Every structure is written in structure tokens, then in C-alpha cells.
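For reference, the chains in residue letters:
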Amino acid sequence: MTKSTQAPIGSPPGHYAPINGLRLYYEVHGQGRPLVLLHGGLLTIDLAFGPLIPALAERHRVIGVELQGHGHTGDIERPMRVDSLADDVASLLDHLSLESADVFGFSLGGMVALTMGLRHPDRIGRLVIASVDHQPNHAQFEQRDDPDVARRMPTEEDFLGMREAHARVAPRPEDFDAMAEKTSSMVHGFGGWSDSQLRSISPPTLLLVGDTDFVPLEHAVAMFKQIPEAELAVLPGTTHMGVTRNADRVLAMVRPFLEPAG
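## Observations regarding unusual backbone geometry
Positive phi is not limited to glycine here, since asparagine 20 has a value of about 50°. Considering the arrangement of structural elements, one finds asparagine 20 in the loop between β2 (15–19) and β3 (22–29). Even without being a glycine, serine 107 presents a positive backbone phi close to 55°. For serine 107, a relative accessible area of 17% puts it in the buried group.

## Observations concerning the side chain of aspartate 102
Tracing the backbone through its elements, the reader meets aspartate 102 in strand β6 (residues 101–106). At 2.8 Å, the side chain of aspartate 102 and the backbone nitrogen of arginine 126 are in polar contact.

## Overview of empty space enclosed by the protein
For the coordinates displayed, the defined rule picks out 1 cavity of 30 Å³ or more. If you trace the largest cavity, you find it lined by Ile129, Ser131, Val132, Leu207, Leu208, Val209, Ala220 and Met223. Among the secondary structure elements, those contributing two or more residues to the lining of the largest cavity are β8 (205–212) and α9 (217–226). Residue contributions to the lining of the largest cavity peak at 3 residues, all from β8. Of the residues in the lining of the largest cavity, the class split is 7 nonpolar, 1 polar and no charged.

## Some words on the nonpolar core
Of all hydrophobic cores here, the largest spans 41 residues; its most connected members are Val36, Leu38, Val65 and Val112. Each residue touching leucine 38, except ones within four places of it in the same chain, is listed here: Phe49, Val65, Leu67, Val89, Val103, Phe104, Gly105, Phe106, Gly109, Val112, Ala113 and Met116. Among the nonpolar cores identified, the runner-up in size contains 35 residues, and Phe49, Ala180, Leu206 and Ala233 belong to it.

## Focus: the confidence of the model for the protein
For the protein, the average pLDDT comes to 92, and 92% of its residues sit at 70 or higher. Across residues 1–11 the pLDDT falls below 50, and counting only partners more than four positions away or on other chains, this stretch makes 23 contacts in the model.

## Brief notes about helix α4 (residues 108–119)
Taking 1.5 Å per residue, 12 residues should reach 16 Å; α4 reaches 16 Å between its end C-alpha atoms and fits that length. In terms of residue burial, α4 counts as a mostly covered element, since 10 of its 12 residues are buried. Of all the positions in α4, only Leu108, Gly109, Gly110, Met111, Val112, Ala113, Leu114, Thr115, Met116 and Gly117 are classed as buried.

## Considering the pattern of salt bridges
Within this structure, the stated rule accounts for 12 salt bridges. For aspartate 87, the salt bridge goes to arginine 119, with nearest N and O atoms at 2.8 Å. One end of the pair, aspartate 87, is in helix α3 (residues 82–95); the other, arginine 119, is in helix α4, with 32 residues separating them in the sequence. Using a relative accessible area of 22% as the deciding quantity, one classes aspartate 87 as partly exposed. In this structure, aspartate 175 and arginine 172 form a salt bridge, with 2.7 Å as the shortest nitrogen-oxygen distance. According to the relative accessible area criterion, aspartate 175 is partly exposed, its value standing at 27%. Linked through salt bridges whose partners overlap, the residues forming this network are Asp83, Asp87 and Arg119.

Analysis parameters
Residues numbered from 1 in each chain as written. Predicted model: local features only at pLDDT ≥ 70, side-chain atom pairs only at ≥ 80, totals over all residues. Heavy atoms only, no water. Helix = DSSP H or I, 4+ residues; strand = E, 2+ residues; numbered from the N terminus. Buried < 20%, exposed > 50% of the residue type's maximum accessible area, 1.4 Å probe, protein only. Polar contact = N/O pair within 3.5 Å; in protein donor to acceptor, adjacent residues only side chain to side chain. 1 Å grid on protein atoms, 1.4 Å probe; cavity = no way out; pocket = protein on both sides within 12 Å on 5 of 7 lines; lining within 4 Å. Points joined across faces, edges and corners; volume = space filled by probe spheres on them. Nonpolar A, V, L, I, M, F, W, Y, C, P; charged D, E, K, R; others polar. Core = buried A, V, L, I, M, F, W, Y, C linked by side-chain atoms within 4.5 Å. Contact = heavy atoms within 4.5 Å. pLDDT = per-residue confidence, 0-100. Expected span 1.5 Å × (residues − 1). Salt bridge = Lys/Arg side-chain N within 4 Å of Asp/Glu carboxyl O.

Next up, the structure:
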């Protein structure tokens, strides 16, 4: 097994692992049962989970991962596919000699986490899936003049934050637009999951959405009804981008789920 390399001095505390042709970046915080954090599209570990990590690391070995082309992890000449990203994370568990871990994924990271639940169920203890739709309707977000659509969308300030975060840590900061296009094409080309696939998810699963998320609440309820061991939490007054920023509310839902009594 190849040993990971420490990030350069001056970088955030992290490591790189040779995974499926990638130099995959990950950070480790705290001790306890492993908890893998998977960020959303165009985000970094810190941008997606920064406010949550200190509290989660009090009782968990938190492993934040930056997916292909995101943050510290450079892109490679490989199609970006949700299945491939899920396999990368499973390979990282092998690299770290971890038989299993809990996984908390937001947006794109939630898609990857759910896919791990289908492709690698034996590697997962508990799943937290935030802001993921099993039947996405990407066309609705072309209607940006619709006030209801507009209030669910990331703002210009959100996109500026994504660009700046990428520029601070990426091996090729100038590739942000290409990475964004590649990520968008992957997400918009993804067809979702069937009811039968949802019914086959075996790990206990917490579905987390905002009441003004990309995910229609009726879709979240439909997922909740299909996944055998599912719980559903809806964050009030919360858009898609606001879900993981709502640290106190998220922790109030996630910690009891990850640490069940008894």
C-alpha cells in the first residue's frame, strides 16, 4: 500500500493519496469512528463543511475529501462520473485501511455518497445525504426569471466564493471554468435513481434538505418512503447553499443520527 504524502508547508493540514490516477486530497480531524465528508460541486472541504468540522471532530475521525478536479485535487484526463467519484472514495478507504466509515455528502457529494450506498454498501455504516434529488429536473433552473427558481439558486456572491476558494488551493487555479463546465455536464447528465435502487440501499440513511432547496419537498418525501432505513429532516428557511452553513441546526439533526442511543 502506497503511503500518502503530506501537503506542502503552508497548506491546510492534509494529505494526498494516489487513487485511480488522481492525487486525491484529504484532511483528517479528530478521533473516533471514521466520518467521510463529501463536498458539493465547485466547493472545497472548507467551503462546504468548515463550520461543522470542529464539532463533528469532537467524536469522530473526520475525513474530508476533495473530489476529482475540486480544491487541492487536480483534474485528470478522465471523464467525470458519479460512479467513478464513488469508487475513488471507496479506494481511499482501502488506502487508509478502513473497513467502513459513515459518510456525509452534500449536493454532488450527496450523490456520490448515495452511489456508494448502492455500489459499496458494506463499506458504509451510516449515510447522511444532504440536498439530493433522486429524480432531478435540471431544466427548471434555466427559468432564472422565475422568482421561485431565483431564490433557490446560488448567488453571484456564492459563485465568487467558489472561484476564490478554488484559486487559493488548486494546483491549476486557471482551470476553474473548465472544471465547472465538466462538473455541470456530469450533474446535468445524471438521470437519478429508480425506486428499486432506493429500496436496495441498506445503510441507515438521514435525508437532509432545506425547505427552499433545489430538491422539491415531495421528492424528499418520496425518497424517505423508498429507502428502507431512512429518516428525513427539513431545515426551515434554508436554501440549497444554506444547508451546510446552518451549523447548529445541522448538528442537532446529524449528531443524534450518527451517535444513536444504546
